[in-house]
Amino acid sequence: MNKIKKFIPKKIRSLIKRILQKFKSLQYIVLYNFYKKNCKLDEKKILFLSDSRETLSGNFYYIYNELKNYDYELNCFFKKSLTTKKTFSEKKKLCKLIASSKFVLVDDFYPIIYSLKLRKNQELIQVWHAMGAFKTVGYSRMGKPGGPTEKSLTHKNYTAAITSSESIRKNYAEAFDIDISKIHSVGIPRTDIFFDKKYIKNKKEELYNKYPMLKDKKVVLFAPTFRGNGQKSAYYDFSVIDFKKIKKELKEDYVFIIKLHPFIKNIEEVPKNDKFFLDLTHEREINDLLFITDVLITDYSSVIFENSLLNNKTIFFVPDLEEYISSRDFYYSFDKYTYGDVVYNTDELINSIKKSKTDKEKLKEFKEYFCSSCDGNSTKRFVEELIIKR
């Protein structure tokens, strides 16, 4: 296949990909256009779409509950993953909902929506599931493995998207290949809980009751992101971390929570639950786990942004840093993100867990640059500016 690619000009390959993208969505295009012609656009109808979640969670959860205070018809159409097939009946229902909804909200890559020529007065709003601007996404990855081509239809029809600060609007405009005027720094709705003392108290109690082994322990949360080009090829290289050695060195003083990215498939390599290890990958919202965390271990995950709001100690475990920069890269120098220790092997990781420290001045600068719009009022701002005033 690679040999054939060499003989096909880049512009032709790009055109072929665009045609294939249209062809794959052809059934949706036909159905959508039918309902667009035969259904009125309802100014009070809001649709939440996701191909990566089964339940109302993340930003959707907070936006949905805020909208219940207003006179809107709220609809959700969720699927567990991109590989989950839709029946023809479901496709019809989905296209009718899209065609008749004034507002369509997505929080991730949503393939079928990009080939649709939406109504003139419709709003397609991207409330991206990850906050901040860390590893490059979308058109920021053009020319790299898994990145889109210049002629791709993906992302380009958003009428609005949100960010966690004014400073990074330009990064989102580049990622989605849309004008910066469509990027709104209203903050990230799901971060409102970080400013809600009652919610934090109740969530802590709930988690301690559910997992009593966490009580009176130092809690380490291991939350790496996936490797690979996307949901279908995602994995994590567990050979870089020695779980047995970590358990031996930290012993009974700690509990080691494992929370993998939902895309990661090779979970059979994760240690079984015992008095030291606790696999909570099944817990949908990592933010809730941050409330009972003493030390976060991650790599290139956007959880560093939410975690910074709690001032938790953070360790960046990055044995493949140079390779990751080469294949994926970041919006800024990696050093701009590291307000905690940077380690490259298990021995350094263990030492850092025991003696981890936070650079308070760097943490302050980090929050001001990446999270300045997250103040506990992001959900209300989103609804007022991007729904009510439209």
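Described in the following lines is the structure provided in the data block.

All right, on to the overall build of the protein chain then. A tally of regular secondary structure across the protein chain gives 14 helices and 12 strands. For a compact globule of 390 residues, the expected C-alpha radius of gyration is about 21 Å, and the protein chain comes in at 22 Å, within 12% of that figure. Along the first, second and third principal axes, the C-alpha set of the protein chain runs to 65 × 60 × 40 Å. Residues counted as buried form 55% of the 390 residues belonging to the protein chain. Of the contacts formed within the protein chain by residues at least 6 apart in sequence, a portion of 72% connects residues at least 24 apart. Here the protein chain displays about 19300 Å² of accessible surface, and carbon together with sulfur accounts for 51% of that area. Positive and negative side-chain charges in the protein chain, numbering 73 and 51 respectively, have mean positions lying 7 Å apart.

What follows concerns the sheet that holds strand 12 (residues 341–343). Taken in spatial order, the six strands make up an open sheet running 9-8-7-10-11-12, and their pairing is parallel. Where the open sheet ends on each side, the last strands, each with one partner, are strand 9 (277–279) and strand 12. Pairs of neighbouring strands in the sheet enclose a mean axial angle of 20 degrees, with direction left out of account. Where strand 7 (residues 218–222) lies against strand 10 (residues 295–298), three bridges are found, and the strand directions are parallel. From the neighbouring strand, L221 faces strand 10, where its bridge partner is L296. Against the sheet, helix 8 (residues 243–250) touches strand 7, strand 8 (254–258) and strand 9, its axis set at about 155 degrees to strand 8. Seen against the sheet, helix 12 (residues 346–355) touches strand 7, strand 8, strand 10, strand 11 (313–317) and strand 12 and runs at an angle of roughly 175 degrees to strand 11.

This brings us to the sheet that holds strand 6 (residues 183–184). As summarised here, the arrangement of the six strands in space is 2-1-3-4-5-6, forming an open sheet in which the pairing is parallel. The open sheet is flanked by strand 2 (73–78) and strand 6, the only strands paired with a single partner. Where strand 1 (residues 42–50) lies against strand 3 (residues 101–106), five bridges are found, and the strand directions are parallel. Within the sheet, the bridge partner assigned to L49 lies in strand 3 and is V106. Its contacts with the sheet put helix 4 (residues 58–67) on strand 1, strand 2 and strand 3, and the angle it makes with strand 1 is roughly 160 degrees.

Following the criterion strictly, the structure yields 22 salt bridges and no others. In this structure, the salt-bridge partner of D274 is K247, at a minimum N-O distance of 2.7 Å. Pair noted here: D274 is in the loop between strand 8 and strand 9 and K247 is in helix 8, with a separation of 27 residues, a long-range link. A residue is classified by how much of its surface remains accessible, and D274, at 29% relative accessible area, is partly exposed. A relative accessible area of 36% places K247 in the partly exposed class. Look at the salt bridges and you will find they share partners, linking K203, E206 and D288 into a network.

A surface patch of negative charge is lined by D237, E268, E269 and E323. Its place among the elements puts E268 in the loop between strand 8 and strand 9.

Our focus in this paragraph is the packing of helix 4 against helix 14 (residues 378–388). Two quantities define a packed helix pair, namely the angle between the helix axes and the distance between the axes. Between helix 4 and helix 14, the shortest axis-to-axis distance is 9 Å and the interhelical angle comes to 70 degrees. Taken together, the axes of helix 4 and helix 14 are roughly perpendicular relative to one another. Between helix 4 and helix 14 the crossing geometry is right-handed. Contacts between helix 4 and helix 14 involve Y62, I63, E66 and L67 on the former and, on the latter, T379, K380, F382, V383 and I387. For the contact of helix 4 with helix 14, a count of residues per class yields six nonpolar, one polar and two charged.

With that settled, the discussion passes to the nonpolar core. In terms of nonpolar packing, the biggest core is built from 100 residues, with F48, L49, I98, Y337 and F382 touching the most fellow members. Formed by 27 residues, the second largest nonpolar core is a distinct cluster that contains A234, I315, L349 and I353.

Think of an α-helix as turning once every 3.6 residues; residues three or four places apart then point the same way. For helix 4, a buried count of eight out of 10 residues is recorded, marking the element as mostly surrounded by other parts of the structure. Along helix 4, the residues classified as buried are G58, N59, F60, Y62, I63, Y64, E66 and L67. Buried residues in helix 4 make contact with strand 1, strand 2, strand 3, helix 7 (197–210) and helix 14.

Turning our eyes to something else, we now look at the packing of helix 8 against helix 12. The N-to-C vectors of helix 8 and helix 12 enclose an angle of 30 degrees; their axes lie 10 Å apart at closest approach. With respect to helix 12, the axis of helix 8 lies roughly parallel. Here helix 8 and helix 12 pass one another in a crossing that is right-handed. Between helix 8 and helix 12, the contacting residues are K245, I246, E249 and L250 on the first element and T346, D347, L349, I350, I353 and K354 on the second. Classifying every residue of the contact of helix 8 with helix 12 gives five nonpolar, one polar and four charged.

Here we take up the packing of aromatic side chains. Inspection of every chain in the model, using the stated rule, returns 45 aromatic pairs. Summarising the aromatic geometry, the rings of Y61 and Y62 are spaced 5.0 Å apart at their centres and angled 80 degrees between planes, so their arrangement reads as edge-to-face. By relative accessible area, Y61 is classed as partly exposed at 39%. Stacked on the ring of F103, the Lys or Arg K102 has its end atom at 5.9 Å from the ring centre.

Reading the values: rules and limits
- Residues numbered from 1 in each chain as written.
- Predicted model: local features only at pLDDT ≥ 70, side-chain atom pairs only at ≥ 80, totals over all residues.
- Heavy atoms only, no water.
- Helix = DSSP H or I, 4+ residues; strand = E, 2+ residues; numbered from the N terminus.
- Rg over C-alpha atoms; globule rule 2.2 N^0.38 Å.
- Buried < 20%, exposed > 50% of the residue type's maximum accessible area, 1.4 Å probe, protein only.
- Contact = heavy atoms within 4.5 Å.
- Areas by Shrake-Rupley, 256 points an atom, 1.4 Å probe, with all protein chains shown as cover.
- Lys, Arg positive; Asp, Glu negative; His and termini not counted.
- Charge placed at Lys NZ, Arg CZ, Asp CG, Glu CD.
- Pairing = 2+ DSSP bridges.
- Axes fitted to C-alpha atoms, helices over the stretch in contact; angles between N-to-C directions.
- Salt bridge = Lys/Arg side-chain N within 4 Å of Asp/Glu carboxyl O.
- Patch = residues over 30% accessible without salt bridge, like charges linked within 9 Å, V, L, I, M, F, W, Y side chains within 5 Å.
- Parallel < 35°, antiparallel > 145°, perpendicular 65-115°, else oblique.
- Left-handed = near helix turned anticlockwise from the far one by under 90°.
- Nonpolar A, V, L, I, M, F, W, Y, C, P; charged D, E, K, R; others polar.
- Core = buried A, V, L, I, M, F, W, Y, C linked by side-chain atoms within 4.5 Å.
- Phe/Tyr/Trp six-rings, centres within 6.5 Å; stacked < 30°, edge-to-face > 60°.
- Lys NZ or Arg CZ within 6 Å of the ring centre and 35° of its normal.

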